[in-house]
Amino acid sequence: MPPKNPIWNYFVKSDTVAKCKICQLNVKTSGNTTNLHFHMNRCHPDVQMEKSTVFVKTKRQISEVDNEDIIDLDDPVSSPGPSTSISSETETRSVSVLRNPIVSSKQPRIDSAFAKQKSYQDGGSKAADVTNKLLFMIAKDNLPFRVVEKEGFKTFMNAILPLYTVPSRRTITHLMEEKYEVLSNMMKAKLSQVNYLSLTTDIWTESLNMKSFLGLTAHFLVEEQHRSVTIGVVEMTERHQSEYLKNWLLNLIDTWNIQSQNIVAVVSDNAANIKKAIVDAFGADKHLPCFAHTLNLVLARIIDDDNIVKGFCAKIKNIVTYFKKSVIAADQLRIHSNLKLIQSVETRWNSTYNMLQRFIQLSEKISVIILQCPTAPPMLTASELQSTKEFVELLKPFEEATKIICGEYYLTASKVIPVVNILKNTLQAFEPSTDIGHHFKKALKDQLSKRFETIEHVSSLAMATILDPRFKNINFSDKVACSHAINKITRFVNSKVTDINHEFQSQQENSDNNDKTNFWSYHENLVNLNISKQIVNQDPNQMPEDFRYYLNQPPLKMSD
C-alpha cells in the first residue's frame, strides 16, 4: 500500500532512508516522518505542501536552530546558481559551537577523511549535491541524457571528482522524471493562486521527422516580477482543425490548474485555425495577434511577392551565392577583409536585411574581385547600389522594432502602438532619391497600413499604452480609439472603487454594532453616511480624479 502522508510526494521510500526528489539527499526515517518534515522545512522552505502536513520540532532541534553561534564549517561559500525551483542548497551536515573558529592547517582526522569519502557515495551529501547540479546542467543547457556516458565527460568528472560515480543514462532519466514531477506540482500550485495571466501558443513542424507540435507558455507576475513557464509541448496527431486545437488548449490549462476567467489574453499568430480555436475556447476579446509575427509578414510579403523587390534582392543574392561557392573569390575577399558575406534565408526577412547591409559594407571590395572573375555575375550599377542603401535605411527601423518587441525579460504590450506610430512617421519622413527607393517606400507604407490599420482599437494594447507613464495617450492617431480605451479604464477603476467602498462600509457597520459605547460612534456614523451618499451618487462613467491627474501630467522620458 503506498504511503498516505503527503510528505511522501517529495521522497522515494526505501527500508531505512528516504531519498529527496528535489535535492537527491538520503534522509533517515527511523520509522516516522519527522526527519522528512524537518528536511523540507530546513532545505526547501519555498515548497508549498498540503495543509494537512504538520511538523513539530523537538527541543533538541529547536535549540540547534535557535543557537546563533552555530557555524557550518563544511558548507562552501555560496555562489550564484539555480533557483530553488531547480535546485536547493545542500543540507548542512556538520556544525561547530566554536564562537571564534580558527582554521587549522593540521592534517585532517581519519574519521573526517572517511566521512568526506563516504559523502561521495550514493545518497551522500556531496554525491546528492553534484547529481542535483548535473540534472540542472542537462535541463538548463538542453543536453541529451547520453552526455553522462560520453568518454570526454567521464574523463572530466574523474579529474575533478575522482570519488564521485557518474550516474548512468537510465538513472539520470529516472531522476529527471522524479524532479519534473515535483517541480510541476509546485508550479501547478503556484498557477492556481495567480489571478491574472496571459498565454502564448504556437504550432510548428519539426522538418527532420515531419512532426507537428503545439506549444503553450504561461506568463504572470510574482511580487511584481515577470515569470514565464512552458506548460505544454504536445505532438499533433490529427489534422490541425480549430476544434482539435481548442480541445488541446483547454486540456492543458485544466491540467495545470489554470482558471479560464483568470486568463487575460492569449497570443498567437494570424493562422485561421489557431485563431478560431482561441476565440471558441476563451472568447474573441482575449485573442491577441502576435505583433512580431505580423511585423514579419509586412516585410516577408514585400520581399517574396513584390516583383521589383524580389528581382532586386535576387540579383544581390546571386553575387553572395557566387562568393559562397567560389573558392577563388572567397580567398580574394578574405585577403581584403575579415568580414564575410551573409546569405539570406527565405523564412526570416531580417536575414535579407543583414545580407544587404553586409553587401554595402563590402561593395567596393566585391566590385574589384568580380572584375577579376569572368564567370562571376554582374555587379550592381551605381544607381542600384544607391537603391540598396536606401532599402537598408528603410528596413533599419523595422529591424530595431523587431528587437524591441521581442524582449524576453520585460513586458512589451504597451510598446506596440508607439512602435507602429514611429514606423509610420519614419517612413513618411524618409525621402529616397531613386525610383526603386520610392517603390520600396510605397510598398512598406501600404503593407504597414494594411496590417496595422486597426491596431489602436485592440483594447488590451490601447489600455496598456495609456497606463504606461512613458506613452500615455500621445501616440494615438485615432482619437476615438483612445477615448474608448480611457472609458474602459474609467469603468474598471470605478467598479473596483465601488467594491472597496462597499466592503469598507460593511466593516464599519459591523464595528459599530460591536462597539456602540465608543465616544466617537456618532462621528463614525456620519462618516459611513457620507460614504453611502458617494456610492449612491457615483457615476460609473465619470473619470476618477487620480486618473485625470495622471493623464494631465507629462509622460516620462524613455531613460527614466
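How each quantity is defined
Residues numbered from 1 in each chain as written. Predicted model: local features only at pLDDT ≥ 70, side-chain atom pairs only at ≥ 80, totals over all residues. Heavy atoms only, no water. UniProt positions renumbered as here; feature names shortened; annotations may be inferred. Core = buried A, V, L, I, M, F, W, Y, C linked by side-chain atoms within 4.5 Å. Buried < 20%, exposed > 50% of the residue type's maximum accessible area, 1.4 Å probe, protein only. Domains from an automatic or database assignment. Pairing = 2+ DSSP bridges. Helix = DSSP H or I, 4+ residues; strand = E, 2+ residues; numbered from the N terminus. Phe/Tyr/Trp six-rings, centres within 6.5 Å; stacked < 30°, edge-to-face > 60°. Lys NZ or Arg CZ within 6 Å of the ring centre and 35° of its normal.

Looking at an unreviewed UniProt entry, one finds the protein named Zinc finger BED domain-containing protein 1-like, with Temnothorax curvispinosus as its source organism. Looking at the Subcellular location (unreviewed entry) heading of the UniProt record, one finds this comment for the protein: "Nucleus".

A. Spotlight on the nonpolar core. Of all hydrophobic cores here, the largest spans 65 residues; its most connected members are F323, I366, F398 and I466. Both domain 4 (295-453) and domain 5 (487-552) contribute no fewer than three residues apiece to this core. L199, I231, Y244 and I263 belong to the second-largest nonpolar core, a separate cluster that totals 27 residues.

B. Here's a closer look at the pairing of strand β6 (residues 225-236). Inspection of the sheet shows strand β5 (residues 211-222) paired to β6 by 11 bridges, in the antiparallel sense. In the strand pairing of β6, L216 is matched with G232. Counted between consecutive antiparallel strands, the loop separating β5 from β6 contains 2 residues, among which E223 sits at a positive phi close to 55°.

C. Spatial organisation of unusual backbone geometry. Of note, N142 is a non-glycine position whose phi angle comes to about 55°, a positive value. In this fold, N142 is placed in the loop between α4 (125-140) and α5 (151-160). The exposure class of N142 is exposed, given its relative accessible area of 69%. Within the chain, E223 stands out as a residue other than glycine whose phi angle is a positive 55°. Of note, E223 is situated in the loop between β5 and β6.

D. Expanded view of the packing of aromatic side chains. For the structure on display, the rule yields 6 aromatic pairs. Between F312 and F440, the aromatic rings sit 5.7 Å apart at their centres with planes inclined by 65°, giving edge-to-face as the arrangement. Of this pair, F312 sits in helix α10 (residues 307-325) while F440 sits in helix α16 (residues 435-451), and the two are 128 residues apart along the sequence. The same class applies to F312 and to F440, which are both buried. Measuring from ring centre to ring centre gives 6.2 Å for F547 and Y550, while their planes differ by 15°; the resulting arrangement is stacked. Placement of the pair is F547 and Y550 together in helix α20 (residues 545-552), with a separation of 3 residues, close to one helical turn. Each member of the aromatic cluster is reached from another via a ring pair, and the members are F312, F391 and F440. Just above the ring of W256 sits the side chain of K188; from NZ or CZ to the centre is 5.6 Å. Lying across the ring of Y550, K472 places its NZ or CZ 4.4 Å from the centre.

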